[in-house]
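# Observations on the model geometry
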Amino acid sequence: MEKLKCVVPERLKRRVEESHIDDLPSLSSSLLQLFLSLPQFHQLISELAAEPSTQAGLCGKNEGAALDLKQKGNQCYSSGDHSQALRCYSQALRLAPIDAHHSGKNLVATLYLNRASLFHKMGLPMESLRDCSRALEISPCYPKVWYRRGKVNATLGNYEDSVHDLSVAKDMEPSIGGKKQIERELDMLARHHEKTTAKPASQKSVEIPEIKLQCVKTPDKGRGMVSQFDIPQASLIHAEEPYAVVILKHCRETHCHYCLNELPADTIPCISCSLPLYCSQHCQVQAGGPIHIPDTMVGSNFKPTLECIPEHKHECQGVHWPAILPSDVVLAGRVVVKTMEQKGQFTDVPNLSETLGLCESYSKMSPESKLELHIYSIVLLFCLHHSFSSELSINGDSASQIVILLSQIRVNSIAVVRMRSNTNDSYDQQDWFQNFSFGEAEAASSVEQVRVGQALYKAASLFNHSCLPNIHAYFMSRTLLLRTTEFVSGGCALELSYGPQVGQWDCKDRLRFLEEEYFFRCWCCGCSEVNESDLVISGFCCVNPNCSGVVLDNLVANCEKQKPKVPETISNKSHLQVHELNDIDIKKVAQISLDQTQSSFHVDSGYCLKCGSYCNFASRSKEVKKAWTDFRRLQDSIASKDTCSTNLPGALRSLGLLRSILHAYNKGIAEAEDILAKAFCFIGDFEPARDHCKASIEILEKLYGPNHIAIGYELAKLASIQLALGDCTAVYNINRLSAIFSTYYGPHAGIIFPYLLVLERERSRIIQ
């Protein structure tokens, strides 16, 4: 893409820089004509969208490579290297063509059988059972698979199923010796039979929201969502399936490409290309890839009646572009294809703004970003022309519609996240504690989150942002759910966080992020009113030891000066008030006063906001930077699983230094306490680990408030340490975190956080 940027002449770049929405068709046509005259552009399209037979097999099937991996897997199986054998068989399944045969057997079916045998050997009978069933769907007359599935069903206690499978295997077995062996197995099974009924796994269905919302226009944020009636805390207000979704590149090997859940060991590849992996055949089919019809069904009246979302179908010819292009561009391709499928016309890209109803951000983008969108739109248009519909017109109008779509995706798409947690029922305290991702510089409210996908939700895009949100978003598979985190009065805006929140970042960083990523200046109450969190989150303490005031650096001070300067057009309600004016903690750290004539907050950087004492910021900042060297060393030793004992004394001394320089509520101190808590837990010294964890939580409660989800994550850490110590006060903290998790996740809390169920089980044991 960089090569294409370089060949765009300056006159066209200036047109891009000055362009607006109305200019897009003409501008796209000019860029399209330019690229069509460039050999390097045609070479790029050939590499991205050519037929599999003309390119190296990046995404196509490769029978030879699959056979090599199968042989290597067999060798690893024989030598006892089960983990490597599993990797070989699974990769071979991704590469094996569905119609390939080896030694008279379907290659894919054989690979499923080999992996099923491996799973059975590894003590994973459910995975083995599923692989046997997959092999039989491809080759129903494969006696070894019926035999293996019969053995697995016997292991699982499924007596009737086991007898059926072994009987079918006996009837199909060509050799007399093989038939007699299966007969002996059936007799043995009958003698030792204890009939059991397998209980189906319970599945919690997604709640259906009962609250009716409406879209309204607001003077400051345009469209937004409200309810006419009061909404209680923890109410589910919205649930929605995505219009389109795509997995992020770094999760392609770990998460299902359809439901975005973690992949099990028995992954299923697409039958026509080697890129996607699915957790089940249901997800494979729902993704819209081809459906395999067994040879025995060919020529019959069999017609699949499965309702598929064709989000992968147009990517499924082994072409390179879905693997190479950025995720948001691939997502745009899925949106275009879905819209054209729904409209039943395949010649021109339709007006997506009318279809999706999303706001665009093109005119607010930087010149470089605009040019990037134009290049990707033309490249994607050619890729869709090759992969989806040869009737699709290559013209400026279609390219301009994709430019608008990409600009909409930049500001309207939602990151689908999964929560990191320990899913083991066994209670190993040291392993448990280390799974909480301690010591990271990111906010405590997001250290447990992993971004796995990017999606467009049409209705959810109408909810506006606040750095002090009153609703919380989470996901069950692909479904987005929104739940209130506090009581919301009828008519009040329902707002979620687009990323940064009060307590997570200071105000200047939040404002910069929102302006760069979403192109708006945030005027939410957290960014337009003075609040304690923004004053202390990165503040220094007063040089006067008897003063609890805070000292701000120049950047933070300037940001705070601007807070009360709210434009009159923003709201009829006056924002020229200090947030929570009667909050005793704000009075502790600053003497807040507003000049009613200038509407400005009186603050000078380097001076205590309470007593006015001067602080030499430069020298103290150097001391803080030096102190953090010890904590980085400690983090490195934990990450590499080396002994922490040698680095602990230095980190403890540095903690004392930080506490003497930084304000008592500075988030840096909370992070330092967090690192020490993990280090002590790592060496099995839980009493100081508990004390440091408590100290961290005390600070975070000042920044977030006591009932924020970030505090729930921290309480889970503290409670696990207290349980290891036999500390009965763990019951109180488990009750607190259960209440917080229930507010944010409702009945899904135990599904999303399996460790919560373990903690609650331990709580019940202590109470009894």
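Since this is a predicted model, take the numbers as computed values, not measurements.

## What to know about the overall build of the protein
Counting its secondary structure elements, the protein contains 31 helices and 18 strands. Buried positions account for 52% of the 768 residues belonging to the protein. Sequence-distant contacts in the protein: of pairs separated by 6 or more residues, those separated by 24 or more amount to 70%. Total accessible area computed for the protein in this model is approximately 34,600 Å², and 50% of it derives from carbon and sulfur atoms.

## Description of the packing of helix α2 (residues 10-18) against helix α3 (residues 24-36)
Direction vectors running N to C along α2 and α3 enclose 150 degrees, while the axes themselves pass 11 Å from each other. By the criterion of interaxial angle, the relationship of α2 to α3 is roughly antiparallel. Every pair of crossing elements has a handedness; the one defined by α2 and α3 is left-handed. In this structure, α2 contributes Leu12, Arg15 and Val16 to the contact, and α3 contributes Ser26, Leu27, Ser30, Leu31 and Leu34. Residue classes in the contact of α2 with α3 are distributed as five nonpolar, two polar and one charged.

## Side note on the UniProt feature "repeat: TPR" (unreviewed entry) in the protein
When the UniProt feature table is mapped onto this chain, "repeat: TPR" (unreviewed entry) is found at residues 66-99 and 143-176. Overall, residues 66-99 shows 82% helix and 0% strand. The separation of its end C-alpha atoms is 13 Å. The span residues 143-176 carries 85% helix and 0% strand; its end-to-end C-alpha distance comes to 13 Å.

## Describing the sheet that holds strand β6 (residues 244-247)
Within the open sheet, the three strands sit side by side as β6-β10-β9. Their pairing is antiparallel. Taken across any chain shown, the strands that pair with only one partner, and hence form the sheet edges, are β6 and β9 (414-419). Adjacent strand axes in the sheet meet at a mean angle of 35 degrees, parallel and antiparallel pairs treated alike. As paired elements, β9 and strand β10 (residues 449-456) share six bridges and run antiparallel to each other. For Met419, the partnering residue across the bridge sits in β10 and is Gln449. Sheet contacts for helix α14 (residues 327-343): β6 and β10; angle to β6, the most-contacted strand, approximately 145 degrees.

## Structural notes on the nonpolar core
Grouped together as the largest cluster of nonpolar side chains are 79 residues, with contacts concentrated most on Leu535, Phe631, Leu634, Phe741, Tyr745 and Phe753. In contact with Tyr745, not counting residues within four places along its chain, are Met419, His472, Tyr474, Arg483, Ile709, Tyr713, Ile752 and Phe753. By size, the runner-up hydrophobic cluster in this structure holds 68 residues, among which are Leu32, Leu48, Val330 and Ala399.

## Thoughts on the environment of Ile734
Relative to the helices and strands, Ile734 is located in helix α29 (residues 730-745). For Ile734, a relative accessible area of 0% puts it in the buried group. On a C-alpha basis, the gap between Ile734 and Glu760 in space is 6.8 Å, while along the polypeptide they are 26 residues apart. Not counting chain neighbours up to four residues away, the residues in contact with Ile734 comprise Ala719, Leu723, Leu759, Glu760 and Arg763.

## Thoughts on unusual backbone geometry
The backbone of Ser103 shows a phi angle near 55 degrees, a positive value even though the residue is not glycine. Assignment of secondary structure puts Ser103 in the loop between β1 (101-102) and β2 (105-106). Judged by relative accessible area, which is 67%, Ser103 ranks as exposed. Positioned with a positive phi, Ser477 is a non-glycine residue whose angle comes to about 60 degrees. When you line up the elements, Ser477 lands in the loop between β12 (471-476) and β13 (479-484).

## A closer look at the pattern of salt bridges
Counted according to the given criterion, the structure contains 28 salt bridges. A salt bridge links Arg659 to Glu673; its shortest N-O distance comes to 2.8 Å. Of this pair, Arg659 sits in helix α25 (residues 648-661) while Glu673 sits in helix α26 (residues 667-682), placing them 14 residues apart in sequence. Given a relative accessible area of 3%, Glu673 falls into the buried group. The shortest N-O distance in the salt bridge between Asp691 and Arg690 comes to 3.7 Å. For Asp691, a relative accessible area of 43% translates into the label partly exposed.

## Section: the sheet that holds β13
Read across the sheet, three strands follow the order β5-β13-β12 without closing on themselves; strand pairing throughout is antiparallel. Each having just a single partner strand, β5 (236-240) and β12 make up the two edges of the open sheet. Averaged over all adjacent pairs, the angle separating strand axes in this sheet is 20 degrees, with direction ignored. Pairing of β12 with β13, which is carried by six bridges, proceeds in the antiparallel orientation. When the sheet's bridge partners are listed, Phe475 is paired in β13 with Leu480. α29 contacts β12 and β13 of the sheet and is inclined by roughly 120 degrees relative to β13.

About the cut-offs
- Residues numbered from 1 in each chain as written.
- Predicted model: local features only at pLDDT ≥ 70, side-chain atom pairs only at ≥ 80, totals over all residues.
- Heavy atoms only, no water.
- Helix = DSSP H or I, 4+ residues; strand = E, 2+ residues; numbered from the N terminus.
- Buried < 20%, exposed > 50% of the residue type's maximum accessible area, 1.4 Å probe, protein only.
- Contact = heavy atoms within 4.5 Å.
- Areas by Shrake-Rupley, 256 points an atom, 1.4 Å probe, with all protein chains shown as cover.
- Axes fitted to C-alpha atoms, helices over the stretch in contact; angles between N-to-C directions.
- Parallel < 35°, antiparallel > 145°, perpendicular 65-115°, else oblique.
- Left-handed = near helix turned anticlockwise from the far one by under 90°.
- Nonpolar A, V, L, I, M, F, W, Y, C, P; charged D, E, K, R; others polar.
- UniProt positions renumbered as here; feature names shortened; annotations may be inferred.
- Pairing = 2+ DSSP bridges.
- Core = buried A, V, L, I, M, F, W, Y, C linked by side-chain atoms within 4.5 Å.
- Salt bridge = Lys/Arg side-chain N within 4 Å of Asp/Glu carboxyl O.

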